Amino acid sequence: MNGSNTNSRDEDRRKDSSNTTLTSLNQTLRNVQGLLKGRSFPGKVMLTRRTDPLSDSSLRSPDTDRSFSNKHAGTSEWLDDSVEDDIQSKSTPSTNSTGNKSRTSTSSGEDTSKESQKSTIGARATDSARLMKFTKALSGPTVILDKLRELAWSGVPPYLRPTVWRLLLMMPSLWYKGLGMTSAVHCQQGYAPTNSDRREVVLRRKRLEYLDCVAQYYDIPDIQRTDEEITMLRQISVDCPRTVPDVTFFQQAEVQKSLERILYTWAIRHPASGYVQGINDLATPFLVVFLSEFLEGSVDDWTTLDLPPEKISDIEADCYWCLSKLLDGMQDHYTFAQPGIQRLVFKLKELVRRIDEPVSRHIEEQGLEFLQFAFRWFNCLLIREIPFHLVTRLWDTYLAEGDALPDFLVYIFASFLLTWSDKIQKLDFQEMVMFLQHLPTENWNHVELEMVLSRAYMWHTMFKSSPSHFSS
Amino acid sequence: MMGAYRADDDYDYLFKVVLIGDSGVGKSNLLSRFTRNEFSVESKSTIGVEFATRSIHVDDKIVKAQIWDTAGQERYRAITSAYYRGAVGALLVYDVTRHITFENIERWLKELRAHTDANIVIMLVGNKADLRHLRAVSTEDARAFSERENNYFMETSALEALNVDSAFTEVLTQIYRVVSRKALDIGNDPAALPKGRTIDIGNRDDVSAVKKGGCCSA
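Residues numbered from 1 in each chain as written. Chains lettered and ligands numbered in written order. Predicted model: local features only at pLDDT ≥ 70, side-chain atom pairs only at ≥ 80, totals over all residues. Heavy atoms only, no water.

1. Quick look at the overall build of chain B
Thinking step 1. From N to C terminus, chain B includes 8 helices and 6 strands.
Thinking step 2. Here chain B holds 218 residues, and the buried ones make up 53% of them.
Thinking step 3. A separation threshold of at least 6 residues defines the contact pool for chain B, and within that pool the share at least 24 residues apart is 75%.
Thinking step 4. As displayed, chain B has an accessible area near 9,700 Å², and 49% of this comes from carbon and sulfur atoms. (Helix = DSSP H or I, 4+ residues; strand = E, 2+ residues; numbered from the N terminus. Buried < 20%, exposed > 50% of the residue type's maximum accessible area, 1.4 Å probe, protein only. Contact = heavy atoms within 4.5 Å. Areas by Shrake-Rupley, 256 points an atom, 1.4 Å probe, with all protein chains shown as cover.)

2. Considerations on helix α6 (residues 139–148) of chain B
Residue and element names in this part refer to chain B.
Thinking step 1. Along α6, the positions that sit buried rather than exposed are Thr139, Ala142, Phe145 and Ser146. All buried residues of α6 fall inside an arc of 130° around its axis, so they share one side. Every exposed residue of α6 that faces more than 90 degrees away from the buried side is listed here: Glu140 and Arg148. (Arc of directions from axis to C-beta.)

3. With respect to the interface of chain A and chain B
Thinking step 1. Counting from both sides, the interface comprises 39 residues of chain A and, opposite them, 32 residues of chain B.
Thinking step 2. Taken together, the links from chain A to chain B amount to 1 salt bridge.
Thinking step 3. Across the contact surface, chain A and chain B share 14 residue pairs in polar contact (both at pLDDT 80 or more).
Thinking step 4. Of all the secondary structure elements, the ones that give two or more residues to the side of chain A that touches chain B are α14 (227–239), α20 (371–380) and α24 (429–437) of chain A.
Thinking step 5. A class-by-class count of the residues in the side of chain A that touches chain B yields 15 nonpolar, 15 polar and 9 charged. (Salt bridge = Lys/Arg side-chain N within 4 Å of Asp/Glu carboxyl O. Polar contact = N/O pair within 3.5 Å; in protein donor to acceptor, adjacent residues only side chain to side chain. Nonpolar A, V, L, I, M, F, W, Y, C, P; charged D, E, K, R; others polar.)

4. Some words on the confidence of the model for chain A
Residues and elements named next belong to chain A.
Thinking step 1. On average, chain A scores 76 in pLDDT, and the residues at 70 or more come to 67%.
Thinking step 2. Residue range residues 32–122 is modelled with pLDDT below 50. Its contacts to residues more than four positions away, or to other chains, number 147 contacts.
Thinking step 3. Per-residue pLDDT stays below 50 along residues 173–192; that stretch engages in 46 contacts with residues further than four places along the chain or on separate chains. (pLDDT = per-residue confidence, 0-100.)

5. Regarding the domain arrangement of chain A
Interfaces are often sized by the accessible area lost when the parts come together.
All names here are of chain A.
Thinking step 1. For chain A, the domain assignment lists domain 1 (129–173), domain 2 (197–329) and domain 3 (336–465).
Thinking step 2. The gap between the C-alpha centroids of domain 1 and domain 3 is 27 Å.
Thinking step 3. Contacts between the two partners involve 10 residues from domain 1, matched on the other side by 13 residues from domain 3.
Thinking step 4. In total, about 970 Å² of surface goes out of reach between domain 1 and domain 3, with carbon and sulfur atoms giving 62% of it.
Thinking step 5. Between the two partners, domain 1 and domain 3, sit 1 salt bridge.
Thinking step 6. Where Arg161 meets Asp396, a salt bridge forms, and the shortest distance between an N and an O atom there is 2.7 Å.
Thinking step 7. Elements with a minimum of two residues in the side of domain 1 that touches domain 3: α9 (145–153) and α10 (161–169). (Domains from an automatic or database assignment. Buried area = accessible area lost by both parts, 1.4 Å probe.)

6. Let's talk about the pattern of salt bridges
Residues and elements named next belong to chain A.
Thinking step 1. With the rule as written, the count across this model stands at 29 salt bridges over all chains.
Thinking step 2. When the shortest N-O distance is used, the salt bridge between Asp239 and Arg242 registers 2.9 Å. Like Arg242, Asp239 is buried.
Thinking step 3. In this structure, Arg384 engages Asp281 in a salt bridge whose closest nitrogen and oxygen atoms are separated by 3.0 Å. Of this pair, Arg384 sits in the loop between α20 and α21 (388–401) while Asp281 sits in helix α16 (residues 279–291), and the two are 103 residues apart along the sequence.
Thinking step 4. Judged by its relative accessible area of 13%, Arg384 is buried.
Thinking step 5. The exposure class assigned to Asp281 is buried, which follows from its relative accessible area of 3%.
Thinking step 6. Through salt bridges with shared partners, a single network forms among Arg166, Arg207, Glu293, Asp314 and Asp318.

In structure tokens form, the structure reads like this:
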């Protein structure tokens, strides 16, 4: 593995020094094509030169990422964390991975033959072999979260998305809240609550808790709110009508009210940050995904939200908890002066310098600060930068990354930025600011997005073993 | 390398201007109206800062405005105030239909004065003037306030393209006057006081003079 890393890095240097950007793009494209044909992980094709699937599987990112990030957590806290946090369980389940590996290798043959008939780009998530894997992962007596993450990383079939997202985001946080020793042990080993009955219990309780919160914080007269709370509610009500304004479904009063309740309740319960503009954007993928269980077609075809109130409140509750879980790992992104974002923007700058020296130098020479374009990327997790129909796919990867997400964002955004490496180098300061704030992604499809993700994966695998490039 | 772009960048003066004010008062639409003659009913909140430019003629000179549009929410001020540095002009925007946005102007002024040079040309802008039946801030109150604070004042409608060009043009013209006077002062007296103070006095005179001349419209 070390050997191939070094090779790749050498390749990268060569790329920097000459005009091989095109070659690397082609490589990535091939890589992505491999991925679209049903091979299991982005990046690995390039790294391993297509060796056998067995050794490939052991290279896949989420597991290795996490054991890497665990090292930073410090060993003493680590055990406690592992009870509280599903992510920590990643370093243990070697048996699970083995089981998974053999399944991968047996199914990959039929994968390819079936897939070769399908030319639909980006349809990977719907191919039948993958569907089978998902169904298998979800239908057993226990759900192995590791496996689910691994599968989810490359995209979840749309109709399974609500279930998968709930499992990834809503279940883990429950284990340590009084569900007893057994579940804690399960959690350490990477299991979701064992049976669907228990999941139902958990869901029901969470939904009731949300309703209580809404009653307690939102459904009260303004005189019972502090000035800050009134200001916050006002800010939220200014922003709800401006949330995904290009999708008509979001223009409905009921949808905006739901959004307002979710955001306000979240803000009240997270006083360190409170509501920050852009968090409204972050709630929308959850709304769309959980509504997709009840509404036909894509969000562009949805017209009205005529669902029974209890359904709507269930959906709202699920959105609320998912949003909370997502933001738990990024709390200091939204506190005063947004230090978390500033830190990641700095890391992004450093990583870009390492990957693409000419672009980095050009940006610096022109006096462009990364904060001037990347701030919004981190603040809204790229929702503002790509077409809305691609957002849920992107979020499959985000959610699969779990607590490792903030660091992985740096790689995704570097990959995103360097999509336009050549173009950027031809622009002066003003042109660059305007270009980067209005990137030409309106015609993007899954191909472009998969390319960004797989390259991010590849760079992450290459650079994560030498994290010192971030220190300075 | 930049040769191809020089034609576009043919200007005599480059002025940095900031757009500030509460969330949802229409800053981004004022900017898009001025720089692209566009208005969007579907606009999203601004996160951090956005940026656009436009050049205009003042006298026989080409003045290029580099305009930074900022997020209105308080939480972003730590980020956005970094962009105030070096600004020579500011449009301080409120929404004539939401009184609270006018009340907050005082805080925005404080913020601006804490982060910018004393010479900065400030214009108070009451946007959404097309919504006549919803008006909550009277023109008189706003004008009185701006006179007290020694700022320029104008009411605009980005939607109807009312006074938008005039507001920006006025600010840029005043900056130009300050700058050319500064050049003159320095030319006459190479050992002049630090430029800040020299201009400060002159600028204030200018401001009151122009205001009496009636730059305001409503």
